[in-house]
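Residue strings, one per chain:
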Amino acid sequence: MSPVSLWFSQGQVVLLFFAAFVLLIPGSQAVDSRPHIVFVLADDYGFHDIGYHNSRIRTPVLDRLAAEGVKLENYYVQPSCTPTRSQLMSGRYQIHTGLQHKKIHPDQPSGLPLDSLTIAEVLKRAGYSTHMVGKWHLGYFSPDYLPTSRGFESFYGYLNGAEKYFDHTRDGFLDFYENTTPLRNATGHYSTHLFTQRATEIIYAHEPEKGPLFLYLPYQAVHVPLVVPESYMEQYQDIKDEPRRTYAGMVTCMDEGVGNVTKALKETGLWENTVFIFSTDNGGAFILGSANNYPLRGGKGTLWEGGVHGIGFVHSPLLHPSTRGTINNELIHVSDWFPTLTGLAHGSLAGVKPLDGFDQWDTISRNAPSPRKELLHNIDPLQAPKGSRLYPDTFDTRIRAAIRVGDFKLITGNPGNSLLLMPPEFNLPAISQVGQGQGQGNPLTPVGTGTKPESQAPPTAKNVWLFNVANDPAENYDLSESMPDVVRKLLRRLQDYSSTAVPPLWPKPDPRSNPRKHGGVWGPWKKGERKG
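Note that the coordinates shown come from a computational prediction; the quantities given were computed from them, not determined experimentally.

### Some remarks on the pattern of salt bridges
Step number 1: Counting across every chain of the model gives 23 salt bridges.
Step number 2: Among the ionic pairs, Asp32 bridges to Arg34, the shortest N-O distance being 2.7 Å. Residues Asp32 and Arg34 agree in their burial class; the two are buried.
Step number 3: One salt bridge connects Asp43 with Arg85, and the closest N-O pair in it is separated by 3.3 Å.

Dropping the structure here:
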């Protein structure tokens, strides 16, 4: 249990002296001194594709913010959209919310369960002004699941994934909202620009005397489809691979957007009391050779490091001076943001279901040891089983799952494409040289050196891999045969977690969701469930 969970474990509303919240200014109103929180989430952003990871892609704003803040280099997310967003919003593993299988499809009556309070609800209850701009992807089949019903005072964005950037449609139907009203007048405007503009408008309109700001900005960028205004591609003419060149322009456009957001925070005087967090939702996608996760193996949708080891950093004047400009290698997970932000807000966890996240503020701001010693990546019983069960008395190795305990990571079942892909524009070391010297394990055969993924994969019968990811982040050396005791230890931990899992929410498509029945717009098709 995290320190914040212990603090609020009795479910009481926390009452603190008002003086702890305010800065008394003679002749003026009392101003809440708790920090403003701005959380920017990129979509399908490759681990390699930020400047400070030696990328050709220019990200001067992100590089500067990270260089002045704390780079989180042992930071983990989930393999795809809905799982990461559900854990960010709830602080709970997806096995505890029923969202452990893939992502929510537009026609599924599914969503983050209503009994899981969101971080927006907790912060709003604590007196924060809460706003969301961008991608939701946590369900909308009933109005109760919309962002404005889950703690956000305002919402400007879309509900699904894979929209078109200029006409804001999914499969030919509109998916663009202001609060609960479809927006039909944004066609022709690039979504990164629209989201940046709305975010800055919220910042300029914020009145600090009415409480601190929580702004959640999950950009559409840099998810497919690959498209960006031509001006952002001009500086990448040396990248001959066209999809990669387009993707590079999309990244730079997003970087510019972050720059405009931080400029607004500075011009309004909010910056000096802001905690700014940047994260990806998962690894880069192997689509058309666009995103790249080098030197990590795998990508979006896989349990390899390239799918779950994410870009992340924190910038804030509230960081201890000794940690500014440093790299943090402590184990941190996306579920940790819920208790961390609650702690920063002096919020209450009354009514919150047991958390899987830990308060990491001391770890980030003062370089204290992480309270997290292990991490469940996922257990997905609905994924097709692979191979034969290795041990009859512990976790079924045919099931797709992964866990990290200390430096060791165990993968079972079918982890997805194990491609290790080099950026096409770089003359980087050959794949066979990555991770050399770790030794004492069976090397994985390199499976691709080109700019597009290949269909090769590990032998179909094999369903257990063990890596020391601290020494072998590229997952080149499988230790499962040489360290069977460690394998069994981690399998027992998987079995422990499996015993706490709720059944997966994976309902059949509902024909009532068809946008043709709702004016050509994706949106709720069932009545609300909440009463009162």
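Next comes the rest of the write-up.
### A look at the sheet that holds strand β17 (residues 374-380)
Step number 1: Taken together, the four strands give an open sheet; going across it, the order is β17-β18-β19-β21, and neighbouring strands pair in antiparallel fashion. Lying at the two open borders of the sheet, with one neighbouring strand each, are β17 and β21 (464-468). Taken over all neighbouring pairs, the strand axes of this sheet differ in orientation by 10 degrees on average, direction set aside.
Step number 2: Judged from the six bridges that link them, β17 and strand β18 (residues 400-405) form a sheet pairing that is antiparallel. Counted as the bridge partner of Leu375 is Arg404 from β18.

### What about the side chain of Asn463?
Step number 1: Here Asn463 lies in the loop between β20 (442-443) and β21.
Step number 2: You can call Asn463 buried: its relative accessible area is 5%.
Step number 3: Reaching out from Asn463, the side chain makes a polar contact with the backbone oxygen of Ser388 at a distance of 2.8 Å.
Step number 4: A polar contact of 3.4 Å, which involves the side chain of Asn463, links it to the side chain of Thr397.
Step number 5: Each residue touching Asn463, except ones within four places of it in the same chain, is listed here: Lys386, Gly387, Ser388, Thr397, Arg398, Ile411, Thr412 and Gly413.

### Digging into the pairing of β18
Step number 1: Most of β18 is tucked away: six of the six residues are buried.
Step number 2: Every second residue of β18 is oriented toward a common face, with Arg400, Ala402 and Arg404 on one face and Ala401, Ile403 and Val405 on the other, all of them buried.
Step number 3: Sheet analysis places β18 next to strand β19 (residues 408-412), joined by five bridges and oriented antiparallel. Looking at the pairing, Val405 lines up with Phe408 of β19.
Step number 4: Turn length for the β18-β19 hairpin, with the two strands adjacent in sequence and antiparallel, is two residues, and the turn residue Gly406 shows positive phi of about 65 degrees.

### Here's the deal with the packing of helix α2 (residues 60-68) against helix α6 (residues 242-267)
For any two helices packed against each other, the geometry comes down to the angle between their axes and how far apart the axes lie.
Step number 1: The interhelical angle for the contact between α2 and α6, taken along N-to-C directions, is 55 degrees, at an axis separation of 7 Å. Taken together, the axes of α2 and α6 lie oblique to each other. From α2, Pro60, Val61, Leu62, Arg64 and Leu65 reach across to α6, where they touch Asp255, Val258, Gly259, Thr262 and Lys266.
Step number 2: Looking at the contact of α2 with α6 residue by residue, the classes come out as five nonpolar, two polar and three charged.

### Looking at the side chain of Arg34
Step number 1: Within the element layout of this structure, Arg34 appears in the loop between β2 (31-32) and β3 (36-42).
Step number 2: In this structure Arg34 comes out as buried when scored by relative accessible area, which is 4%.
Step number 3: At 2.7 Å, the side chain of Arg34 forms a polar contact with the side chain of Asp32.
Step number 4: A distance of 2.7 Å separates the side chain of Arg34 from the backbone oxygen of Ala345, its partner in a polar contact.

### Details of helix α8 (residues 337-344)
Step number 1: Taking burial as the measure, the eight residues of α8 include eight buried ones, the bulk of the element.
Step number 2: One or two residues past the end of α8 sits His346, with phi positive at roughly 55 degrees.

### Quick look at the confidence of the model for the chain
Step number 1: Per-residue pLDDT for the chain has a mean of 90; in total, 88% of the residues score no lower than 70.
Step number 2: At the level of individual helices and strands, the chain shows its lowest average pLDDT in helix α1 (residues 3-7), which scores 38, and its highest in strand β12 (residues 213-218), which scores 99.
Step number 3: The low-confidence segment residues 428-439, where pLDDT is below 50, has 25 contacts with residues more than four positions distant or belonging to other chains.

### Observations concerning the sheet that holds β3
Step number 1: The mixed open sheet is built from 10 strands, whose spatial order is β11-β10-β7-β6-β12-β3-β13-β14-β4-β15. The open sheet terminates on both sides in strands that have one partner only, identified here as β11 (181-182) and β15 (326-328).
Step number 2: Inspection of the sheet shows β3 paired to β12 by five bridges, in the parallel sense. By the bridge assignment for β12, Val38 is matched with Leu215.
Step number 3: Helix-sheet contacts for α2 involve β4 (70-72), β13 (274-280) and β14 (312-315), and the interaxial angle to β14 is about 65 degrees.
Step number 4: Sheet contacts for α6: β3, β12 and β13; angle to β13, the most-contacted strand, approximately 170 degrees.

### Remarks on the environment of Ala66
Step number 1: Take Ala66: it is sitting in helix α2.
Step number 2: Judged by relative accessible area, Ala66 falls into the buried class, the value being 1%.
Step number 3: A C-alpha to C-alpha distance of 8.6 Å links Ala66 and Gly312, two positions 246 residues apart in sequence.
Step number 4: With residues near it in sequence (within four places) discarded, Ala66 still touches Tyr52, Lys71 and Phe313.

### Section: the nonpolar core
Step number 1: Residues Tyr45, Phe214, Phe278 and Trp337 are the most contacted members of the largest nonpolar core, which totals 109 residues.
Step number 2: It is α6 that provides the largest number of residues to this core, a total of 10 residues.
Step number 3: In this structure, Phe278 is in contact with Val40, Ala42, Tyr45, Leu62, Met254, Ile311, Gly312 and Phe313, ignoring residues within four places of it in sequence.
Step number 4: Judged by nonpolar contacts, the second largest core, of 30 residues, contains Ile403, Trp465, Leu479 and Leu494.

### Remarks on the packing of helix α5 (residues 191-205) against α6
Step number 1: At a closest axis distance of 9 Å, the pairing of α5 and α6 adopts a crossing angle of 10 degrees. It follows from the interaxial angle that α5 and α6 lie roughly parallel. On α6, the residues touching Thr192, His193, Thr196, Ala199, Thr200, Ile203 and Tyr204 of α5 are Cys253, Met254, Glu256, Gly257, Asn260, Val261, Ala264, Leu265 and Glu267.
Step number 2: For the contact of α5 with α6, the class distribution of residues is eight nonpolar, six polar and two charged.

The rules we used
Residues numbered from 1 in each chain as written. Predicted model: local features only at pLDDT ≥ 70, side-chain atom pairs only at ≥ 80, totals over all residues. Heavy atoms only, no water. Salt bridge = Lys/Arg side-chain N within 4 Å of Asp/Glu carboxyl O. Buried < 20%, exposed > 50% of the residue type's maximum accessible area, 1.4 Å probe, protein only. Pairing = 2+ DSSP bridges. Helix = DSSP H or I, 4+ residues; strand = E, 2+ residues; numbered from the N terminus. Axes fitted to C-alpha atoms, helices over the stretch in contact; angles between N-to-C directions. Polar contact = N/O pair within 3.5 Å; in protein donor to acceptor, adjacent residues only side chain to side chain. Contact = heavy atoms within 4.5 Å. Parallel < 35°, antiparallel > 145°, perpendicular 65-115°, else oblique. Nonpolar A, V, L, I, M, F, W, Y, C, P; charged D, E, K, R; others polar. pLDDT = per-residue confidence, 0-100. Core = buried A, V, L, I, M, F, W, Y, C linked by side-chain atoms within 4.5 Å.

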